[in-house]
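Now for the letters of each chain:
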2 protein chains.
Amino acid sequence: MAELLVVVVGTTDVSLIPGISIAGPSPEATHYTPALDVEYLLTGRPKTLDVVPVTPDGIPTPAVVTRALTGDLPKLVVDAGSRIPPKIPRVVLGGVPGGDIRRGAMPREAAEEVAANGRLLGRQLARWGRVAIGESIPGGTTTAMAILLALGYDAWGRTSSASPDNPKELKARVVKEALARVKPPLDAVTAASEVGDPVHLAVASIALGVAEGGGEVVLAGGTQMAAAAALYKALGGDVERLAVATTRWILEDKSADFLGLMREVGVRRVYASRSSFGGSRCRGLRAYDRGYVKEGVAMGYALWRAESSGVDPLPQVEAELERLGKCYT
Amino acid sequence: MAELLVVVVGTTDVSLIPGISIAGPSPEATHYTPALDVEYLLTGRPKTLDVVPVTPDGIPTPAVVTRALTGDLPKLVVDAGSRIPPKIPRVVLGGVPGGDIRRGAMPREAAEEVAANGRLLGRQLARWGRVAIGESIPGGTTTAMAILLALGYDAWGRTSSASPDNPKELKARVVKEALARVKPPLDAVTAASEVGDPVHLAVASIALGVAEGGGEVVLAGGTQMAAAAALYKALGGDVERLAVATTRWILEDKSADFLGLMREVGVRRVYASRSSFGGSRCRGLRAYDRGYVKEGVAMGYALWRAESSGVDPLPQVEAELERLGKCYT
């Protein structure tokens, strides 16, 4: 079957709150991360800034894992709303960058455009066969929690983090302030426009279109995909049509509750990678086994897919990190 | 084999020159046409304006034919550079709307982005199988003539027109003034940025990526596709990989020279529709046989494809026009 990897990028001003996201060298820099991620994913190097997709400590962005393992897979980038637009071909849906959810995420009209156009895009892509949908949005685990709560799920403190030290108190404070303005349960578009972001809504809408068009959908991500699945369901999608693929690091994250959230939303098909990077010769990859990164840019799907075809992912990921000159032993 | 229809839209300020384009009720309105075309193609109705895709005389835009015949075909819209952005999912490449070629079409940097990103997009789409690439850009037969001349081809007065009265003298005057600023033969990016438009360059670049990625490319259009093929060749593409699909109305257009241009550029595989609309019960469709419209929005490909699968296109096109309430007898 033909497969397509869709990566939905966008920003939320939640990532500017100091301490909430480690997906960038500074809070302001997190707004560049989605663009750099997908520029690198498609071309092998970031374009917007002259950087490598690796932290100063040598920890690679999950896009490195995804790129290393998906050279054979066509990719389509959807820009749901980014402060820094990626300099590659990107599908736009009429969305805008997400604001700070304590004051509102985006105009209702923009959210409606994203929902309608995401669905229309998904309908076209459905004929491809299998469509895996990943994401890159720093601050996304916080907006995911807010979205789930706004839709009426008990998600307090159950979403994950790219950091080994999930800043749960800070995230809860931000989400609580955001939720104070609304009365759950909200509909999908209201939840996204009030306390969400453009990315989760776009993922949900594209998934809806693919499912309606008869394609196979795989949500490729961690706890954020519970929020996407919940939005999909709130948009009228049949949750039985959904599968989710993630990493072992997400499943093992004791600071979150991936399986519990998926169960509550009703997603029953969960695929997870089995690879450990603990034995890697690159210390940046060993850090993954200590809880850094965990997911993002469809890494879990890429790992699971490689494993399913009998490939050991680690040597390929190490080779890509070597190519970048960033395999520190 | 899986098929994908890519429609590349954009604008050139050449269409604002009174008398040069009939693709809109006024010169200014031509800037809305690409958006309305693809909004209708994907959703069944224009969104940006509350209009029907039919002239007051009942002559449908070619998008009506394409939509009537391609319900089963996935579609992707690429916005190479439009003054009025279509309100549907659209791939952007970093291009800008085209200026009046008498003063320069677009900044070199924008043309380079379109060329690089079009190629990158084509590479991803190549795995689809067959990629047909159509266009919607009022004024495009004029910029096509200028592009061909800038690349060193003898194209004076050989491109077609959506009007039964090809305004060849006016077009030649505009092109002559544009060409006065340059010294052919130019490279592809310079030709497009000086005297072209974003659309032809995007079509050429996407085709290049698809061909390089091992996909099958069909350029879906009239004499403009000679300009796209020439740009493709100037970008280093293997012209043997190209096929072109157009309408019988283009082949029969005595005001232009489709086959001669294709021969000169080196495109040897030419497919053409055989349908006549002369016996239609809708007078707007009968006008096609008198030289109105002729091509656009991949109409020739849609007709040829339907005919190749044994379908008589006319009843389906008439049914779509009926649905729009615009089949005047």
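As recorded by an unreviewed UniProt entry, chain A carries the name UPF0284 protein Tneu_0295 and is attributed to Pyrobaculum neutrophilum. Listed in UniProt under the heading Sequence similarities (unreviewed entry), the comment for chain A reads: "Belongs to the UPF0284 family."

Draft legend 1. Region of the structure containing the overall build of chain A. Looking only at helices and strands, one finds 13 helices and seven strands in chain A. Compactness check: chain A gives a C-alpha radius of gyration of 18 Å against a globular reference of 20 Å for 329 residues, within 12% of the reference. When its C-alpha atoms are laid out on the principal axes, chain A stretches across 50 × 45 × 35 Å. Burial analysis of chain A (329 residues in total) assigns 66% to the buried set.

Draft legend 2. Region of the structure containing the side chain of B:N166. Residue and element names in this part refer to chain B. For N166, the location among the structural elements is in the loop between α4 (140–150) and α5 (168–179). Within the structure, the side chain of N166 is placed 3.0 Å from the side chain of K171, a separation counted as a polar contact. Within the structure, N166 has its side chain in polar contact with the side chain of S255 (distance 2.9 Å). The contact partners of N166, leaving out residues within four places of it in the chain, are T159, S160, S161, K171 and S255.

Draft legend 3. Structural detail: the environment of B:R305. All names here are of chain B. Locating R305 in the fold gives a position in helix α12 (residues 299–308). Note on R305: relative accessible area 14%, which makes it buried. Between the C-alpha atom of R305 and that of R241, which follows or precedes it by 64 residues, the distance is 19 Å. Sequence-distant contacts of R305, defined by excluding residues within four places in its chain, comprise E3, L69, T70, D72 and L73.

Draft legend 4. Region of interest: the relation of the copies chain B and chain A. Placing chain B over chain A gives an RMSD of 0.0 Å and needs a rotation angle of 180°, together with 0.0 Å of translation along the axis. The relationship between the two copies is best expressed as a two-fold rotation axis. By C-alpha distance to the rotation axis, the residue of chain B lying nearest is B:V91, at 2.0 Å. Residue by residue, 100% of the interface of chain B is reproduced at the interface of chain A, so both copies engage with the same surface.

Draft legend 5. Structural view of the interface of chain B and chain A. On the side of chain A, 23 residues touch chain B, which itself brings 23 residues to the contact. Carbon and sulfur atoms make up 61% of the area that chain B and chain A hide from each other, which totals about 2,100 Å². Counting the contacts that link chain B with chain A gives zero salt bridges. Taken together, chain B and chain A are joined by seven residue pairs in polar contact (both at pLDDT 80 or more). Tallying contributions element by element places helix α3 (residues 108–125) of chain B first for the side of chain B that touches chain A, with five residues. Class assignment of the residues belonging to the side of chain B that touches chain A gives a composition of 12 nonpolar, four polar and seven charged. Two strands pair when backbone bridges link them, and strand β3 (residues 90–92) of chain A and strand β3 (residues 90–92) of chain B are joined in this way by three bridges, in the antiparallel orientation. Among the inter-strand pairings, A:R90 is bridged to a residue of β3(B), identified as B:V92.

Draft legend 6. Highlighting helix α4 (residues 140–150) of chain A. All names here are of chain A. Across the 11 residues that make up α4, a large majority, 11, are buried. Among all positions of α4, only G140, T141, T142, T143, A144, M145, A146, I147, L148, L149 and A150 are buried. Of the surrounding elements, those touching the buried residues of α4 are α5 (168–179), α6 (188–195), α7 (198–212), α8 (224–234) and α10 (258–265). Two residues or fewer past α4, G152 is found with a positive phi of approximately 100°.

Draft legend 7. Spatial organisation of the pattern of salt bridges. Counting across every chain of the model gives 42 salt bridges over all chains. The shortest N-O distance in the salt bridge between B:E3 and B:R130 comes to 3.3 Å. Of this pair, B:E3 sits in strand β1 (residues 3–10) while B:R130 sits in strand β4 (residues 130–136), placing them 127 residues apart in sequence. When sorted by exposure, B:E3 lands in the same class as B:R130, which is buried. With a closest N to O distance of 2.6 Å, B:E322 and B:R281 form a salt bridge. With a gap of 41 residues between them, B:E322 in helix α13 (residues 313–323) and B:R281 in the loop between β7 (269–272) and α11 (283–286) connect regions that are remote in the sequence. Looking at B:E322, the relative accessible area reads 38%, which means it is partly exposed. Within this structure, A:E3, A:D72, A:R130, A:E216 and A:R305 form a network of salt bridges that share partners.

Draft legend 8. Expanded view of the packing of aromatic side chains. Residue and element names in this part refer to chain B. Tallying each qualifying case throughout the model produces 11 aromatic pairs over all chains. Relative to Y288, the ring of W249 has its centre 5.5 Å away and its plane inclined at 80°; by these criteria the two rings are edge-to-face. Note that W249 is positioned in helix α9 (residues 248–251) and Y288 in the loop between α11 and α12, a separation of 39 residues in sequence. For the pair shown, W249 and Y288 are each scored as buried.

Draft legend 9. Structural context of helix α1 (residues 33–43) of chain B. Taken across its 11 residues, α1(B) has 10 buried, putting it largely inside the fold. Every buried residue of α1(B) is listed here: B:T33, B:P34, B:A35, B:L36, B:D37, B:V38, B:E39, B:Y40, B:L41 and B:L42. Buried residues along α1(B) sit against α3 (108–125) of chain A together with β1, α2 (62–69), β2 (75–81), β4 and α13 of chain B. At the exit of α1(B) stands B:G44, carrying a positive phi of roughly 95°.

Conventions and cut-offs
- Residues numbered from 1 in each chain as written.
- Chains lettered and ligands numbered in written order.
- Predicted model: local features only at pLDDT ≥ 70, side-chain atom pairs only at ≥ 80, totals over all residues.
- Heavy atoms only, no water.
- UniProt positions renumbered as here; feature names shortened; annotations may be inferred.
- Helix = DSSP H or I, 4+ residues; strand = E, 2+ residues; numbered from the N terminus.
- Rg over C-alpha atoms; globule rule 2.2 N^0.38 Å.
- Buried < 20%, exposed > 50% of the residue type's maximum accessible area, 1.4 Å probe, protein only.
- Polar contact = N/O pair within 3.5 Å; in protein donor to acceptor, adjacent residues only side chain to side chain.
- Contact = heavy atoms within 4.5 Å.
- Least-squares fit on C-alpha atoms with pLDDT ≥ 70 in both.
- Buried area = accessible area lost by both parts, 1.4 Å probe.
- Salt bridge = Lys/Arg side-chain N within 4 Å of Asp/Glu carboxyl O.
- Nonpolar A, V, L, I, M, F, W, Y, C, P; charged D, E, K, R; others polar.
- Pairing = 2+ DSSP bridges.
- Phe/Tyr/Trp six-rings, centres within 6.5 Å; stacked < 30°, edge-to-face > 60°.

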